[in-house]
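So you can see what is in the structure, the chains are spelled out below.
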Amino acid sequence: MKNYLERLENGLNKSKTLLYKPDQSGLACSFVSGGLVVDTFVIEDEVIADALSKKGLNGVVEGSNFEMLKSNYSWFSLHVKTKQVYRELEKETVLQ
């Protein structure tokens, strides 16, 4: 999970647009700057993929939405980490 969050943060800092689409492995993400793809990867973590897909419209995060995600990234990251911990606790409770 940490690697995905680091790559997202790096992509936000090096680009102006995020393109994403569901993939058989997860959520395929491409960061674009000046018409060139800066980074591309697939997020396999369901929690991160779900939270990120809610930040854009039709598979694109750009303009003010992109800037809001970039400037509030620490809150986004905290939200994702909290939700991940909550899911793990739910699984443990069900197993007991």
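This text goes with the structure placed above it.
Residues numbered from 1 in each chain as written. Predicted model: local features only at pLDDT ≥ 70, side-chain atom pairs only at ≥ 80, totals over all residues. Heavy atoms only, no water.

S.K.: Could you give an account of the pairing of strand S1 (residues 17–22), naming the residues involved and the relevant values?
M.R.: When S1 meets strand S2 (residues 27–33), the two strands line up antiparallel, connected through six bridges. If you follow Pro22 over to S2, its bridge partner there is Leu27. Turn length for the S1-S2 hairpin, with the two strands adjacent in sequence and antiparallel, is four residues. Pairing analysis gives two bridges linking S1 to strand S4 (residues 60–61), with the strands arranged antiparallel. From the neighbouring strand, Leu18 faces S4, where its bridge partner is Val61. (Pairing = 2+ DSSP bridges. Helix = DSSP H or I, 4+ residues; strand = E, 2+ residues; numbered from the N terminus.)

S.K.: Before we move on, can you summarise unusual backbone geometry with the specific residues and values?
M.R.: Even without being glycine, Asn58 reaches a positive phi, approximately 55°. Looking at the element boundaries, Asn58 is found in the loop between helix H2 (46–53) and S4. Classification of Asn58 as exposed rests on a relative accessible area of 76%. (Buried < 20%, exposed > 50% of the residue type's maximum accessible area, 1.4 Å probe, protein only.)

S.K.: Summarise the environment of Glu9; cite the residues concerned and give the values.
M.R.: Tracing the backbone through its elements, the reader meets Glu9 in helix H1 (residues 2–14). Overall, the relative accessible area of 38% leaves Glu9 in the partly exposed class.

S.K.: Hey, could you go over the pattern of salt bridges for me, with residue numbers and the actual values?
M.R.: For the coordinates displayed, the defined rule picks out five salt bridges. Notably, a salt bridge pairs Arg87 with Glu46, separated by 3.1 Å at the nearest N-O pair. Remark: Glu46 occurs in helix H2 and Arg87 occurs in helix H4 (residues 73–95); sequence separation between them is 41 residues. What makes Glu46 exposed here is its relative accessible area of 55%. In this structure, the salt-bridge partner of Glu88 is Lys91, at a minimum N-O distance of 3.7 Å. Here Glu88 pairs with Lys91, and both are found in helix H4, just three residues apart, close to one helical turn. For Glu88, a relative accessible area of 34% puts it in the partly exposed group. Connected through shared salt-bridge partners, Asp50, Lys54 and Lys83 make up one network. (Salt bridge = Lys/Arg side-chain N within 4 Å of Asp/Glu carboxyl O.)

Geometric descriptors of this kind do not, in isolation, establish any biological role.
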